[in-house]
Amino acid sequence: MTFNESAGGLVTGLASFMQSRRRAPALNVDHLWVGWPGCTVDVSLRDQLIHEALASFQSFPVFLTDEQMEKFYLGFCNATIWPLFHYFPTFTEYQSGYWEQYKEINQVFCEALSDVIRPNDVLWIHDYHLMLLPRLVKIRMPRVSVGFFLHIPFPSFEVFRLLPGEWRREILEGLLGADLIGFHTYEYTHHFLQCVLRILGYEHQMAQILTADHVVKVDTFPMGIDYEKFSNAPAEPDTERETQALRSTLAEFKVVLSVDRLDYSKGILNRLEGYDLFLESNPQFQGKVVLLMIVVPSRIGVLQYDRMKRQVEERVGKINGRFGRVGWTPVVYQYRHVPFSSLVAFYSVSDVCLVTPLRDGMNLVAKEYVATRTDGTGMLILSEMAGSVKELPEAIIINPNNRREIAVALKEALETPLEEQKRRNQIMQRRLKRYHVSRWANDFLNNLGGLREVQDHIEATLLSPKARREVIDRYKKSRRRGLFLDYDGTLTPLVRSPAMAKPDDMRLGLLRSLASDPANDIVITSGRDRHSLQEWFGDLRVGLVAEHGAWLKRAGESWQLFKPFSVAWKRQLLPILEIYADRLPGAFVEEKENSTAWHYRLADPEQAGFLAAELTDHLLNLISKTDLQVIQGSKVVEVTHAGVDKGSAALKWIIENEYDFVLALGDDLTDEDLFRVLPEWAVSIRVGIAGTHARHNLRNNADVIDLLQSLALPSSVSLKATHRPS
Ligand code: ADQ
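Conventions adopted
- Residues numbered from 1 in each chain as written.
- Predicted model: local features only at pLDDT ≥ 70, side-chain atom pairs only at ≥ 80, totals over all residues.
- Heavy atoms only, no water.
- Domains from an automatic or database assignment.
- Contact = heavy atoms within 4.5 Å.
- Buried area = accessible area lost by both parts, 1.4 Å probe.
- Salt bridge = Lys/Arg side-chain N within 4 Å of Asp/Glu carboxyl O.
- Helix = DSSP H or I, 4+ residues; strand = E, 2+ residues; numbered from the N terminus.
- Buried < 20%, exposed > 50% of the residue type's maximum accessible area, 1.4 Å probe, protein only.
- Polar contact = N/O pair within 3.5 Å; in protein donor to acceptor, adjacent residues only side chain to side chain.

K.L.:
Would you mind showing me how to read the domain arrangement of the chain here?
P.N.:
Interfaces are often sized by the amount of accessible area the parts lose when they come together. Split into domains, the chain comes out as domain 1 (13-22 + 29-220), domain 2 (227-434), domain 3 (462-563 + 644-721) and domain 4 (570-641). On a C-alpha basis, the centroid separation for the pair domain 1 and domain 4 is 41 Å. Each partner contributes residues to the interface: domain 1 has four residues there, and domain 4 has four residues. Interface of domain 1 and domain 4: buried area, both sides summed, is about 430 Å²; carbon and sulfur atoms make up 40% of it. Summed over the three residues of domain 1 that lose the most area to domain 4, namely Leu197, Arg198 and Glu203, the buried surface amounts to 82% of that side. Seen at the junction of domain 1 and domain 4, the total is three salt bridges.

What follows is the structure in structure tokens.
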């Protein structure tokens, strides 16, 4: 059995990182590569392969049949995701058979991992082939830290949304199973966050997303190269020999180099067109320049790739036929994988490196070229569509769709004085040297490790089963209780429009049952207007707080204003809120007696985010000399009277009553006013995973109902047993 290392940016980078870890024993933690072995393996040979791969290469093979590979790898990965994510929607195939196979293979990987992974292991999943895997692993093994890195671009929402609804949702949810998701550039990170917001509705805070069950961090980690390896390589004897040989062959020519996999995303045809135009418009360079084009075979058998290979070869033939003469071949084309020493020799003899992808996640060739130019000479021409352009702005930047730009850049590069070449390269070299591939990988893994702490902290504030039992126990043993319950998002899930949140029989029954205990004061603390609360809860023995505390109603009594208010301001502010609502489809204004609210739950989330911030700013300016305040609720901006909030309202009950048990439940910022003023011994719970003044968090509204149901259960415990806590 023979083993060969596969080619490509990902393998090159990670192999170097693993080597650096081996050189530093302190970092050399155990690792295992899990992946497809690169070929179909007969069932009779599989055990032997597993054994050898584990023993000699710390690798664990996941076997796939030819048919699976056909639909999974050539199909969904390379005929759906690859073209779409590289902005080639017309090449994208939307076949449900491919999608089904993609789901199945991600599941196969999850099964394979469950054989080898241990709790508390760190799992780093790479690339677009396994975008559903993070979630599958998290469900099966919640204690495993899961990182995911995408090596290709993440497209903008307008392109990503071309995927059928089920696919795009499951891909995003699959990725969000990871604890940390990494991209090469800020743009891809931004696109991803945008898609998550628009498709799944999750907002982010400083690129942290709070999903229903965990925190996900999304960040940018531009992948580097093994800088030392490339900068030392030209001096290696083998490479030097090859470089010398090449130099003497090409002695009469300036050399322009290009190196890439055969792929339509790499812009090989555009490059040839640009070169063609360069020769045509600069006859002085004819006979003096050679384009050395190294193309590595890739995805053989896929229609677009086979067609492209033919087109490239035709184009090369055309240029050579048109300009070539005895002793000068304008394009020297090699269609093969070249060993490392030859690659470095090519980099070393080239005056210019021409990198023209139409889209590229990063592009390591550009970085490798700069790193090998140890004497500082050489010019890099780089497409603005490559992720690496962000770190290599000193290159000559071109738009690969414009062949004239390529032609002009070639002339400029060939005529750039040596001093200027060195100046540019030195800056880029310093940058590449600092953020090399091991830094990149360590940075990613350290971030992943750090998240464990954040997550542990969040988990620590979640109401644990033990703390839950204690709350119930304290409740049962207490004699006078105040229960302050927010309504929307706490007692009931958030719905699209305020009018749709009418309490159902189960919730009314639960409140009635809690209210039937004479020891209980149930107070519903809401931002809603008093008429809705009256209609829904008027015949229950509960207290009501409307408009975030502007109106109060003790059980069985009538409504009271918290204090007298002048509402003359509404005449001035309402038209402004209306204008903002008109500008944003889906937004609307709710006028209450003492406050006004601008709701945007139904609106486009991104536009709404901007307008909500703008409106808040605008309102804050207008109210600066009044006793009004602007508050941000859940998808609502509200103007209310200052000093009126849920906390001040609840204190009326707390001061008037000798409670020995207080429970407060709420889900948004307006509930924080309540949590802040409660006595220390009170039980306060914020619904949702968010930073809070409350003592605990509960994951969701279902957990709230569950807790209240436990409280409402009849108790056999004597009510006389306890004293008021000190
Ligand atoms: P690739 O599409 O494979 O990688 P790239 O980043 O250029 O593209 O990496 C190619 C690697 O293969 C380089 O290390 C290069 O030296 C080597 N290589 C290319 N042609 C070769 C040849 N003819 N012979 C020998 N070696 C050759 C994907 C994404 C990229 C992203 C990387 C890393 O498409 O955008 O930069 O992953 O994340």
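From this point on, the discussion continues.
K.L.:
What should I look at first to understand the pattern of salt bridges in this one?
P.N.:
Pairing between side chains becomes possible if they bear opposite charge and their charged atoms approach one another. Applying the stated rule across the entire model yields 43 salt bridges. Notably, a salt bridge pairs Lys103 with Glu166, separated by 3.3 Å at the nearest N-O pair. Here Lys103, found in helix α4 (residues 96-116), pairs with Glu166, found in helix α7 (residues 165-175); they are 63 residues apart in sequence, far enough to count as distant. Of the residues examined, Lys103 reaches a relative accessible area of 23% and is grouped as partly exposed. Of the charged contacts, one joins Glu638 and Lys592 as a salt bridge, the two residues approaching to 2.5 Å between their closest N and O atoms. Highlighted residues: Glu638 in strand β23 (residues 636-641) and Lys592 in the loop between β20 (588-591) and β21 (596-599), separated in sequence by 46 residues.

K.L.:
Looking at this model, I keep getting lost on the side chain of Glu638. Mind explaining?
P.N.:
Overall, the relative accessible area of 4% leaves Glu638 in the buried class. Within the local environment of Glu638, its side chain forms a polar contact with the side chain of Lys592, the two groups lying 2.5 Å apart. Not counting chain neighbours up to four residues away, the residues in contact with Glu638 comprise Gly527, His548, Lys592, Ser595, Thr596, Ala597, Gln629, Val630 and Ile631.

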